Amino acid sequence: MGTEESKKRPLVFAYYVTGHGFGHATRVVEVARNLILAGHDVHVVTGAPDFVFTSEIQSPLLFLRKVLLDCGAVQADALTVDRLASLEKYSETAVVPRASILATEVEWLKSIKADFVVSDVVPVACRAAADAGIPSVCITNFSWDFIYAEYVMAAGNHHRSIVWQIAEDYSHCEFLIRLPGYCPMPAFRDIIDVPLVVRRLHRSRKEVRKELGIGEDVKVVILNFGGQPAGWKLKEEYLPTGWLCLVCGASESQQLPPNFIKLAKNAYTPDIMAASDCMLGKIGYGTVSEALAYKLPFVFVRRDYFNEEPFLRNMLEYYQGGVEMIRRDLLTGHWRPYLERAMTLNPCYEGGTNGGEVAARILQDTAYGKNYTLDKLSGPRRLRDAIVLGYQLQRVPGRDLCIPDWYANAENELGLRTGSPTAVTAENNSLTDSYPQDFEILHGDILGLSDTLSFLKSLAGLDALIDSPTKTGKHSIRERKAAAGLFNWEEDIFVARAPGRLDVMGGIADYSGSLVLQMPIREACHVAVQKIHPSKQRLWKHALARQQAKGQGPTPVLQIVSYGSELSNRGPTFDMDLSDFLEGDEPITYEKSRQYFARDPSQRWAAYVAGTVLVLMKELGIRFENSISLLVSSAVPEGKGVSSSASVEVASMSAIAAAHGLNISPRELALLCQKVENHVVGAPCGVMDQMTSACGEANKLLAMVCQPAEVLGLVDIPGHIRVWGIDSGIRHSVGGADYGSVRIGAFMGREIVKSIASKLLSQSLSTNGNHPDESEEDGVELLEAEASLDYLCNLSPHRYEAMYAKMLPESILGESFAEKYTDHRDPVTTIDKARNYGVRAAARHPIYENFRVKAFKALLTSATSDDQLNALGELLYQCHYSYSDCGLGSDGTNRLVQLVQEMQHSKASKSGEGTLYGAKITGGGSGGTVCVIGRNSLKSSEQILEIQRRYKAATGYLPILFEGSSPGAGKFGYLRIRRRNPPKQN
């Protein structure tokens, strides 16, 4: 630093380092090194190992004090933050002993005669400095109030005082030295931006490679995870031929393949990075800043609930330095395409990398009394920070964080920059650019959903077929050609989205009035609808010929294109005159509609879509005087038991309602869609599928009592718990004979219970007369309720066992039941008199399932423990075997449940923390998908993948995995879009 400053007395800096990872310590090294070069004492308060500092700074002016005053984010594993545990650990570390910490730190600061306190970014250090009468400054790219605020939103408001206290502590510092890739930090009054803080290089690329025995022509990737996933086994085939991988943080006992090289624990990472061709790791300030500085392509894997990541990721991608790898490909070794893609990048960061020197100068000048009060107003900056912070906290769960482009650009726009190089967020990740350029969105928000963005881009590409018929994308030529002529691009189009669902608990008990817990999955159906005057509709040739044959002018026509027809062996298009739904002025009966759609087996699928039109006509009295063009694109696989049909119905009705200005609540819409499936399609399903698709929210369980559809609310899935779906490959059909017969058996059981209760009630009244005592009166009231039982689930398990279990027949012939009880009173099924129906198991299942679901819901809110997880898993297992008792099991789903049990009870799981705890068949049973519950950890994901591999080895079928969640149709709403530059149409 300058000669003028060297004449002044040396200063004493107290430098506090957060306990969150090595990244903070490594950047502190660079700032501290420059302070020491200027002749100042630096006392570092840290929990990091000594070698992090002493390998770079060999000076008597460096003092290390091993004290941990915060805990950062507690990680469940290498890629997952445990939000609740983070808050609890911070409370234990910094809140409970706060008074003692402050007293100790004030005394220590005075004892070393500290002139200045620097914090990266320990909150209590700022307050301790203020109490000691010493100025302080923070240096960081994020603050803990920003990180913990989102955790509080998820974990509960009882922790919110932590955030208030942290923000108050930060407010005591003079200003913030803000690093590139920053998050919103409204607690700080003023900020000064500095360049990237990166460690300097000691050796050249050539020297490092020579020492490691690696030739210049060999491609090298550095695996830099700061602690690898536990039990992870690296394999030779993970790398492209001829590549080598340098592994940081490998344990001494870890065995590596010949193309993987274990680095020493104290290896100087910057030199290794600069000698490599790309890096594979997780995003943090240290990895991102040094990758940018050394122009090293970075293949990264996202971390769950690591809230600074999106801001760093945007900076990385803006400078063309990043490639995202999905977690599954990391674990399964599918690395090649990502590494090869990284080799095509041209990282272009040209900004400053001397942030350590710049920050040290600012600290020294401030300590000597230079006024760094900024000549800009802090109000606009703090307002921007507060707006973005609030936006992040209120975002829809499950959506990616999007950072508004104005957030980083605003200071440039106002001419308020201090001149220091700083990061700019990625333009291609901004809110405005996450909308397709081809459409103007007049209403709604895509909510950051990548599948919606892809659908809109696909929609925009339809007109390309007019000029180039070979450009068909991922759909068949026939589908795309039909869709290309579907819409009039000068008119508005309405888009709706509805997800499938994973049945976590409740299943077939829904039609018996049970409580159910359902999760909307990531996969969803999109429907685009256009209402258009018949004279403007572009009809397909056969539809036009049909109208001409009738000798009439243009009349309303419904035209549907459905993608994915070749996978389902069905026709891709359907059309009908809307007048076909009318007899005179009234809609046709549901029975006639079933006959209408049954005429052509290849087009029976259209009942799920066109049936929504008929139900709106019959139930709401709507009349459609315009034509309707409709495109269906569903990513919810059919026959897997994840409600592909409900997602199609809900998305179709939502889009049609939006196009016609109908205001239908999500609950009402779900009930209407159930009528489509029950009465038009003819499938006897309950209502939980449609309700979840319409009313669900991402990463939450929809709790609903199906009597007929009372939503109790949304149940958070605790951060330490994760739910998966694994497809058995055995096609499930809610319209299948087994499901229908079990439903009939349950309704028969209800009628038999009512009949028994009526007889017992008559006997009780005749025996006790008109003056029963209190206990007898209570018994009479129970029998009266049971004699008029609306839903089996209103009968408790103990009451069922005490009064009715032994009196229900195992099975009964349909004819015998009809003779004795007349009817089973189910409006959507019909008894076959020649068929034998199981009764006892079918009736018992919903009674006990309702109890299991209530217990499951209560356990989700209980204290975190292995007992909690074991109990949740046991409830799933009990449900699974109850399905089998009803005759709704299958070899495939039984095999998957058995594999989960083998994994759960393996020595590896018992020796450490168990990871998978239970599994069950879902939905209507007889195949489909199995729901698995386990600990939210990387080890669990590995075990799920191992189950997938074992199942394939045994059956030849690789199961589809359902991971993740997304918002229901009600939360999504609808989009009204218009083409910006509509193509000319013939």
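Since this is a predicted model, take the numbers as computed values, not measurements.

Caption draft 1: Seen up close, the packing of aromatic side chains. Counted according to the given criterion, the structure contains 23 aromatic pairs. Ring plane angle 50° and centroid distance 6.3 Å describe the contact between Phe 581 and Tyr 596, whose orientation is recorded as tilted. Placement of Phe 581 in the loop between strand 20 (573-577) and strand 21 (582-583) and of Tyr 596 in helix 23 (residues 590-597) is noted, with a sequence separation of 15 residues between them. Neither Phe 581 nor Tyr 596 differs from the other in exposure class; each is buried. Of the aromatic side chains, those joined through ring pairs into one cluster are Tyr 90, Phe 142, Trp 144, Tyr 148 and Tyr 151. Between Arg 65 and the ring centre of Trp 108, over which it is positioned, the NZ or CZ distance is 4.2 Å. Stacked on the ring of Tyr 596, the Lys or Arg Arg 599 has its end atom at 4.1 Å from the ring centre.

Caption draft 2: Region of interest: the sheet that holds strand 3 (residues 62-66). Spatial ordering of the open sheet is given by 3-2-1-6-7-8-9, a layout of seven strands whose pairing is parallel. Strand pairing shows two members of the sheet lacking a second neighbour, strand 3 and strand 9 (191-193), which therefore form its edges. Strand after strand, the sheet turns through a mean of 20° between neighbouring axes, direction not considered. Looking at chain direction, strand 6 (residues 116-120) and strand 7 (residues 136-140) are connected through three bridges and run parallel. Its bridge partner being in strand 7, Val 117 is matched across the sheet by Ser 136. Contacting strand 1 (12-17), strand 2 (41-46), strand 3 and strand 6, helix 5 (residues 98-111) runs over the sheet at an angle of about 150° to strand 1.

Caption draft 3: Just unusual backbone geometry, in detail. Between Asp 120 and the following residue, Val 121, the backbone shows a cis peptide bond with an omega angle of -15°. Relative to the assigned elements, Val 121 resides in the loop between strand 6 and helix 6 (123-132). With an omega of -5°, the peptide bond between Gln 707 and Pro 708 qualifies as cis. Structurally, the position occupied by Pro 708 is in the loop between strand 24 (700-705) and strand 25 (710-716).

Caption draft 4: Looking closely at the sheet that holds strand 13 (residues 278-282). One open sheet accounts for six strands, arranged 12-11-10-13-14-15; its pairing is parallel. Strands at the two margins of the open sheet, each flanked by one partner only, are strand 12 (260-262) and strand 15 (322-324). Taken over all neighbouring pairs, the strand axes of this sheet differ in orientation by 25° on average, direction set aside. In this structure, strand 13 lies alongside strand 14 (residues 298-301), joined through four bridges in parallel fashion. Of the residues in strand 14, the one forming a bridge with Met 279 is Phe 298.

Caption draft 5: The arrangement of the pattern of salt bridges in detail. Per the stated rule, a full pass over the model turns up 50 salt bridges. With a shortest N-O distance of 2.8 Å, Arg 98 and Asp 169 are connected by a salt bridge. Taken as a pair, Arg 98 in helix 5 and Asp 169 in helix 8 (residues 160-170) lie far apart in primary sequence, 71 residues in all. With respect to burial, Arg 98 and Asp 169 carry one shared label: buried. The salt bridge involving Arg 950 is made with Glu 946; its shortest N-O contact spans 3.1 Å. Here Arg 950 pairs with Glu 946, and both are found in helix 36 (residues 938-955), just four residues apart, close to one helical turn. It is possible to trace a salt-bridge network through shared partners that takes in Glu 30, Arg 33, Glu 56 and Arg 200.

Caption draft 6: Region of the structure containing the environment of Ser 634. On the secondary structure map, Ser 634 appears in strand 23 (residues 627-634). For Ser 634, a relative accessible area of 32% corresponds to the partly exposed category. Discounting chain neighbours no more than four positions away, the residues touching Ser 634 are Ala 524, Cys 525, Ser 647 and Val 648. A distance of 3.2 Å separates the side chain of Ser 634 from the backbone nitrogen of Val 636, its partner in a polar contact.

Caption draft 7: Looking closely at the pairing of strand 29 (residues 916-921). Of all six residues making up strand 29, six are buried, and the element is well covered by its neighbours. As paired strands, strand 29 and strand 30 (residues 929-935) are joined by five bridges and run antiparallel to one another. Across the sheet, the residue bridging to Lys 920 is Cys 931, located in strand 30.

Caption draft 8: Just the pairing of strand 19 (residues 557-562), in detail. For strand 19, a buried count of six out of six residues is recorded, marking the element as mostly surrounded by other parts of the structure. Going residue by residue along strand 19, you find Val 557, Gln 559 and Val 561 tucked away on one face and Leu 558, Ile 560 and Ser 562 tucked away on the opposite face as well. Where strand 19 and strand 20 come together, five bridges link them in antiparallel fashion. Each bridged residue has a counterpart across the sheet, and for Ile 560 the counterpart in strand 20 is Phe 574. With five bridges joining them, strand 19 and strand 23 adopt parallel strand pairing. Bridging from a neighbouring strand, Leu 558 pairs with Ile 628 of strand 23.

Caption draft 9: Inspection of the packing of helix 25 (residues 644-659) against helix 26 (residues 666-681) at higher detail. Their axes nearest at 9 Å, the elements helix 25 and helix 26 cross at an angle of 120°. By the angle between their directions, the pair helix 25 and helix 26 is classed as oblique. In terms of crossing hand, the pair formed by helix 25 and helix 26 is right-handed. For the pair helix 25 and helix 26, contact is made by Ser 645, Ala 646, Glu 649, Val 650, Met 653 and Ser 654 and by Leu 669, Leu 672, Cys 673, Val 676 and Glu 677, respectively.

Caption draft 10: Layout of the side chain of Glu 751. In this fold, Glu 751 is placed in helix 28 (residues 737-768). In terms of polar contacts, Glu 751 uses its side chain to reach the side chain of Arg 825, at 3.0 Å. The residues contacting Glu 751, other than those within four sequence positions of it, are Phe 817, Tyr 821, Asp 823, His 824 and Arg 825.

Caption draft 11: Inspection of the packing of helix 24 (residues 606-620) against helix 26 at higher detail. Where helix 24 contacts helix 26, the two axes come as close as 9 Å, and the packing angle between them is 115°. Our classification of the angle between helix 24 and helix 26 gives roughly perpendicular. With respect to the hand of their crossing, helix 24 and helix 26 are arranged in right-handed fashion. Residues Ala 607, Tyr 608, Gly 611, Thr 612, Leu 614, Val 615, Leu 616, Glu 619 and Leu 620 of helix 24 pack against Glu 668, Leu 672, Lys 675, Val 676, Glu 677, Val 680 and Val 681 of helix 26. Class assignment of the residues belonging to the contact of helix 24 with helix 26 gives a composition of 10 nonpolar, two polar and four charged.

Thresholds, definitions, all that
- Residues numbered from 1 in each chain as written.
- Predicted model: local features only at pLDDT ≥ 70, side-chain atom pairs only at ≥ 80, totals over all residues.
- Heavy atoms only, no water.
- Phe/Tyr/Trp six-rings, centres within 6.5 Å; stacked < 30°, edge-to-face > 60°.
- Helix = DSSP H or I, 4+ residues; strand = E, 2+ residues; numbered from the N terminus.
- Buried < 20%, exposed > 50% of the residue type's maximum accessible area, 1.4 Å probe, protein only.
- Lys NZ or Arg CZ within 6 Å of the ring centre and 35° of its normal.
- Pairing = 2+ DSSP bridges.
- Axes fitted to C-alpha atoms, helices over the stretch in contact; angles between N-to-C directions.
- Contact = heavy atoms within 4.5 Å.
- Salt bridge = Lys/Arg side-chain N within 4 Å of Asp/Glu carboxyl O.
- Polar contact = N/O pair within 3.5 Å; in protein donor to acceptor, adjacent residues only side chain to side chain.
- Parallel < 35°, antiparallel > 145°, perpendicular 65-115°, else oblique.
- Left-handed = near helix turned anticlockwise from the far one by under 90°.
- Nonpolar A, V, L, I, M, F, W, Y, C, P; charged D, E, K, R; others polar.

Function cannot be inferred from these measures alone, as they are strictly geometric.
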